Amino acid sequence: MHFKHFTISNGLSQNTINSLYEDQNGFIWVGTDDGINRFDGINFKLYYFDLENNNSISNNQINSITEDQHNNIWVATVNGLNKINTISNRITRYYQDKINGINNNFISKLLSYDENSFLISSTNSISSYNSNKKEFIPIIDLGNQLINDFIIDKNGNLLIASESKLFFYDIKNEKLKHISIQKKELKYQKLLLDSDNNLWAGTNVGVLKFDSNYQDITPKNILENTNNESVITLFEDHFKTIWIGTENGVRSFNLKNKTIHAYKRDTNNLNSLSNDSIHCIIQDSSETLWIGTYHGLNSLMLNQKNFNHISLFPKYTKDISSNFIWCFTKDKSGNLWLGTANGLYILNEEKDLFKSIEIEQIKQKLRKSIFYIYFDKYENLWAGGSQGLHYLPQEVVKNIWEHKNPTLKKLNNNPIKNITNITNITENPATDEIWIGSLDNGVFKAKNTHKNPDLINFINYKNQKNIPHSLPSNTSANIISIKNKKGDYDMWVGTRKGLAKYSSENNNFITYNFNRNKDVDLQISAINTYKDSILWIGTFNSGLIKYNLSSKRHQYINTKSGLANNSIYGILIHNNELWLSTNRGLSKYNTITHDIKNYDKSYGLQDDEFAEGAYFKDKTNKLYFGGLQGYNAFYSHKITSDSIPPKINYIDFKIFDQSVLPNISNTNQNLSKDNNIILKKNITYTDTINLSYQHSVFSFKVAIIHNKNSLKNLYAYQLSSIDKDWNTRPSIQNQFTYTNLNPGQYILKIKAANSDGIWSKPKSIYINIEPPFWQTKWFYLLSSILLLATILLFLQIWKKQIKLKQRRDFHKRENDQKTAMIKEIHHRVKNNLQVINSFLRVQASKIEDPEIVTIFKKTQSRVLSMAVIHEKMYQTKNLHSLNAQEHFEPLIIDLIEAYGINKDVSLDLKIIPVDFEMETLTPLALIINELISNSLKYAFNNQENGTIKIHLNTTNTPNYYQLIIGDNGSGYDQTKTTSSKQIGTKLITSFVKQLNGSIKQLDLPGTYFEIFFYCKKREL
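No experiment lies behind these values; they were computed from the predicted model shown. (Residues numbered from 1 in each chain as written. Predicted model: local features only at pLDDT ≥ 70, side-chain atom pairs only at ≥ 80, totals over all residues. Heavy atoms only, no water.)

Enquirer: What am I meant to see in the overall build of the protein chain here?
Expert: Summing up its helical and strand segments, the protein chain has 6 helices and 73 strands in all. Over its C-alpha atoms the protein chain spans a radius of gyration of 59 Å, topping by over 25% the 31 Å that the globule rule assigns to 1020 residues. Here the C-alpha coordinates of the protein chain stretch approximately 185 × 100 × 50 Å along the principal axes. A total of 1020 residues make up the protein chain; the buried ones form 52% of that total. Long-range pairs, those at least 24 residues apart, make up 53% of the contacts in the protein chain with a sequence separation of at least 6. In the structure as shown, the protein chain presents an accessible area of about 49700 Å², 48% of it carried by carbon and sulfur atoms. (Helix = DSSP H or I, 4+ residues; strand = E, 2+ residues; numbered from the N terminus. Rg over C-alpha atoms; globule rule 2.2 N^0.38 Å. Buried < 20%, exposed > 50% of the residue type's maximum accessible area, 1.4 Å probe, protein only. Contact = heavy atoms within 4.5 Å. Areas by Shrake-Rupley, 256 points an atom, 1.4 Å probe, with all protein chains shown as cover.)

Below, the structure written as structure tokens:
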């Protein structure tokens, strides 16, 4: 038996195991002297007493564990009862004052009664708890009788074990009856009702078994022949085996064949029990047996693969090297012969007989390894090994158990007598030839025509470089005879440099090298044949080769095909299955479906590494494979797949690598700034998760529970709309993460497979990721409405703009027509003014009075000034205004040139660029015309040069302007004012009033006037 151990080093809180329980989800609950542990197949989660935390159990010393229908785990301690709500992660403590019918806080046992209730025992009383009504009900009080154990029979009545008595209690009728037996001074410690309704009572001196009428019969002590050990626990597994835990190991009693097996701690066997003091035993849903001891937890695969593992050490021999198995064979009596690193042994498996075979002429410097054993047609046993070739005569073989010191005889025939390291022995049935393979000296052949092997003469075949068709290598570890189409037998030799077939006609060898790289030698380690038509060739590092003898075609099968390893040490064939021993366990290859299944040490193999040549199939089709730690013997058809798939549990949910706790808001967990609660209950019991778009990175942690080869379990997960294929991982890599998912609804599916590849049905969890408000339907709806309203508003505005444009176009056409008309008017006015000016000039030429002529000239000047304005107006695009600077500067210059006074008169001209309308521009032009004309006529009569100044500026008062105009001539003498001057003065005053302005003469040399006037400016 291979026991797997769990201790503090594996994560247990404490090594003393008091109670065990498997819940509905497959978790194993382990009660210790220092808290309770939940095992998920890989890790332990601890629940313990914390003085400062009310959400902790009442005491760390655990006595018993059970579960109710609401997934609550109930824990009995030496100081109170506890309920662990696995859905909310809340723990409730119950002390004696809250438990009706219990008179102290020492709770010894919890036992499920029906689907709604369980029973609770204390030191001397039993109560029940109804999980629906949430109430405790007293059942029975035994007074001064201490209760060690109690069970429930098939009718719902109680069987109670006290210190010295057994009781039967009818719960309905409330009747207590003592079960009397003849044996006295017994201490009843444990009770069990088996599947046949027989009562078992564990006592201080063994186990008593009652039949179905346990009330009135004399029981039988099952352990009478086993030193009457004190029994601590009893358990029946699914295979009708009673497990009896004592202070001195555990016993198994098979109810079918009545056999008893004992299992104890063995310091020489790491796979034995961790401790002999057995406290509790359960079997889980994957048919794994769990044994709690004083020092550690043990698990045992009951329905194992039937890879029966046999170790010669220490059961049969005291030399550990005997465990290294090199070869097997069986004689006609069914005895198993084993060649080991410590010599030759014989074992009768049925009678459990064992004997060591001595070896003659041992060379002490060499090991005693036996590499190959073979029975020839005379029933002589041939044995080849590190000491050379030996044999055991057939008469010794027949009476092997009667011989006191059977001894292998040394074969002294030349040339083989000095050859060591014999690796293979076989016969050619057609020619009576015996073939011997060696590690360093090629192969040997001899006619086996004598019952006495000493009379045989051998021929040696070796590799000779200069001789073609010699043996390809002297390392020839494998030889096999295969019947050919002629009815003869061909001898095939596997060497370290390829495969060779012996040609009897030419007395030489034909070499076959299937290696793709011809520069690399094909090292052959094993050969077998199927129906003499297919040659199966095992190699070192190149895998398995299938060679068809008819078609001469070969095919490689290796780790890429699914093999455990590319170094093949042994090949056995059973029906359509090949069993291959390798450096990494056993591989089973189906030659029809090409399916490959690998098995390693965790399945019960002697070790992961096997030995070259250590393979054998007997007449019953039992397969043997040997290696460093003994050998495995099994029947292929009994190696079946485990049909129980794993249980799947979500055990943690994380956001940004932070575990999300149930019934706590996001704000309090610092997950996001809202009061939403993501998990209303523990993630194990959650089927829907609602997330915010802010939770962009989240992870799941899962427990894949199937405790047979739990490290070989697999799981696969797939998220709808994200994963096209299943993502497959080993169960130990039990966390996976998704990032940056778009808002929406997803379904996460997860499935799991046990070590035999049996998959569970997918388990689903729904994930809803809420979008931000700008991606919600109502936002899209409002946005659509707003967009529609905007479009409608735009259409309305567009329609109004069209109408407005139409109006503008209409008005523009009207304005264009009016503008054309006004321009025409300005043009006609200008022409008429020019006509008037011409009439004035003609009239003036006929007048002789100088003063009147002067008046006519001034009038001409004024008319010309107005004509220029009208000319500018119809030439410009803007009919409303003219730029003062552009208008006045050329007008003034033309006016000075027109007078031609033959004086050196300069202009001080500074006019700001401002637009004036017609009603301002016309009177202003006439004022400037009048004053400049006066300057030209009167200012420079007594001097040869001078300056005329015209400055137009803005003022500090908005829309008011300053015009300074004058000259530095002789000045203005009012006493000499003529009638024409008076007319001009009146005109100037009249024009200033039109401008809503004022005029004054400045006290400066010459004649200067300052005019202030109002006009709404049009600056460029």
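Enquirer: Hey, could you run me through the nonpolar core in this one?
Expert: In globular proteins that are soluble, nonpolar side chains generally tend to be buried together. Counting 37 residues, the largest nonpolar core has F888, F916, I932, L952, L963 and F1013 as the members making the most contacts within it. Looking at this core, the elements that each hand over two or more residues are α4 (884-899), β67 (904-911), β68 (914-917), α5 (918-939), β69 (945-954), β70 (960-967), α6 (979-994) and β72 (1007-1014). Filtering out sequence-adjacent residues up to four positions away, L963 remains in contact with L924, I928, I950, H951, L952, F1009, E1010, I1011 and F1013. Core analysis: the second largest hydrophobic core is formed by 33 residues, L336, A341, L344 and A383 among them. (Core = buried A, V, L, I, M, F, W, Y, C linked by side-chain atoms within 4.5 Å.)

Enquirer: Would you mind going over a positive patch on the surface with me for this structure?
Expert: Taken together, the side chains of K799, K800, K803 and R807 make up a positively charged region of the molecular surface. Considering the arrangement of structural elements, one finds K799 in helix α2 (residues 777-845). (Patch = residues over 30% accessible without salt bridge, like charges linked within 9 Å, V, L, I, M, F, W, Y side chains within 5 Å. Salt bridge = Lys/Arg side-chain N within 4 Å of Asp/Glu carboxyl O. Lys, Arg positive; Asp, Glu negative; His and termini not counted. Charge placed at Lys NZ, Arg CZ, Asp CG, Glu CD.)

Enquirer: Would you take a moment to explain the packing of aromatic side chains for this structure?
Expert: By convention here, two paired aromatic rings are described through the distance between centres and the angle between planes. In total, this model carries 62 aromatic pairs according to the counting rule given. Each ring, one from F653 and one from F700, has its centre 4.9 Å from the other, and the planes form 45°; the classification is tilted. Here F700 lies in strand β60 (residues 697-705) and F653 lies in strand β57 (residues 647-655), a separation of 47 residues in the sequence. The same class applies to F653 and to F700, which are both buried. Within the aromatic cluster, the residues linked to one another by ring pairs are Y650, F653, F698, F700, Y715, Y717, F736 and Y738. Positioned over the ring face of F27 is R38, at 4.1 Å from the centre of the ring. Sitting over the ring of W759, K751 keeps its end group 5.1 Å from the ring centre. (Phe/Tyr/Trp six-rings, centres within 6.5 Å; stacked < 30°, edge-to-face > 60°. Lys NZ or Arg CZ within 6 Å of the ring centre and 35° of its normal.)

Enquirer: So what exactly am I meant to see when it comes to the UniProt feature "transmembrane region" (unreviewed entry) in the protein chain here?
Expert: Annotation from UniProt places "transmembrane region" (unreviewed entry) at residues 778-798. Helix makes up 100% of residues 778-798 and strand 0%, and the two end C-alpha atoms of the span are 29 Å apart. (UniProt positions renumbered as here; feature names shortened; annotations may be inferred.)

Enquirer: Is there a simple way to explain the sheet that holds strand β22 (residues 231-236) in this structure?
Expert: Sheet strands pair by backbone hydrogen bonding; their relative direction is either parallel or antiparallel. The 4 strands are arranged β22-β23-β24-β25 in an open sheet whose pairing can be described as antiparallel. Every other strand in the sheet has two partners, leaving β22 and β25 (260-263) as the edge strands with one partner each. Shown here is a sheet whose adjacent strand axes are inclined to one another by a mean of 20°, direction ignored. (Pairing = 2+ DSSP bridges. Axes fitted to C-alpha atoms, helices over the stretch in contact; angles between N-to-C directions.)

Enquirer: Hey, could you run me through unusual backbone geometry in this one?
Expert: For residues other than glycine, phi is negative in most cases, and the peptide bonds are mostly trans. Residue P314 follows F313 across a cis peptide bond; omega there is 5°. Among the secondary structure elements, P314 is positioned in the loop between β29 (308-310) and β30 (325-330). One non-glycine residue with positive phi stands out, namely N197, at about 70°. Relative to the assigned elements, N197 resides in the loop between β18 (188-193) and β19 (199-203).

Enquirer: Would you mind showing me how to read a nonpolar patch on the surface here?
Expert: On the surface, a cluster of nonpolar side chains totalling about 770 Å² of accessible area is made up of L787, L788, I791, L792, F794, L795, W798 and I802. Relative to the elements of secondary structure, I802 occurs in helix α2.

Enquirer: Sorry, what's going on with the sheet that holds strand β43 (residues 489-495) here?
Expert: Strand order in the open sheet formed by 4 strands is β42-β43-β44-β45, and the pairing between neighbours is antiparallel. If you trace the sheet from one side to the other, it starts and ends with β42 (476-483) and β45 (508-512), each paired once. Neighbour-to-neighbour, the strand axes of this sheet turn through a mean angle of 30°, independent of strand direction. Where strand β44 (residues 498-503) lies against β45, 5 bridges are found, and the strand directions are antiparallel. Opposite A500, over in β45, you have T511 as the bridge partner.

Enquirer: Can you walk me through the pairing of β70 in this structure?
Expert: Most of β70 sits out of view: 7 of its 8 residues are buried. Direction of pairing for β69 relative to β70: antiparallel, over a ladder of 7 bridges. Pairing of I950 across the sheet is with I965, part of β70. Hairpin remark: β69 followed by β70, antiparallel, with 5 residues in the connecting loop; positive phi at N959, about 70°. For β70 and β72, the ladder comprises 8 bridges, and the chain directions are antiparallel. Bridge pairing in β72 places L963 opposite I1011.

Enquirer: What is the right way to read the environment of T340 from this model?
Expert: Note on placement: T340 falls in strand β31 (residues 336-340). A C-alpha to C-alpha distance of 9.2 Å links T340 and F328, two positions 12 residues apart in sequence. Discounting residues that sit within four places of it in the chain, T340 has contacts with L312, S321, S322, F324, I325, W326, Y345, K368, S369 and I370. A polar side-chain atom of T340 sits 2.9 Å from the main-chain amide nitrogen of N342. (Polar contact = N/O pair within 3.5 Å; in protein donor to acceptor, adjacent residues only side chain to side chain.)

Enquirer: Got a minute to help me understand the environment of F354 in this structure?
Expert: Its location among the elements puts F354 in strand β33 (residues 353-359). Residue class for F354 comes out partly exposed when judged on its relative accessible area of 21%. Considered as a pair, F354 and K315 are 39 residues apart in the sequence and their alpha carbons are 9.9 Å apart. If near-sequence neighbours (up to four positions away) are discounted, F354 is found in contact with L312, Y316, Y345, I346, L347 and W401.

Enquirer: What exactly am I supposed to notice about α5 here?
Expert: Within an α-helix, residues lying three or four positions from one another point in the same direction, as the helix has 3.6 residues per turn. A rise of 1.5 Å per residue sets the reference length of α5, with its 22 residues, at 32 Å; its end C-alpha atoms lie 30 Å apart and thus fit the reference within 8%. Within α5, 20 of the 22 residues are buried, leaving the element largely enclosed by the surrounding structure. (Expected span 1.5 Å × (residues − 1).)

Enquirer: What's the story with the side chain of S88 in this structure? I'm lost.
Expert: You can see S88 is positioned in the loop between β8 (80-85) and β9 (90-94). A relative accessible area of 17% means that S88 is categorised as buried.

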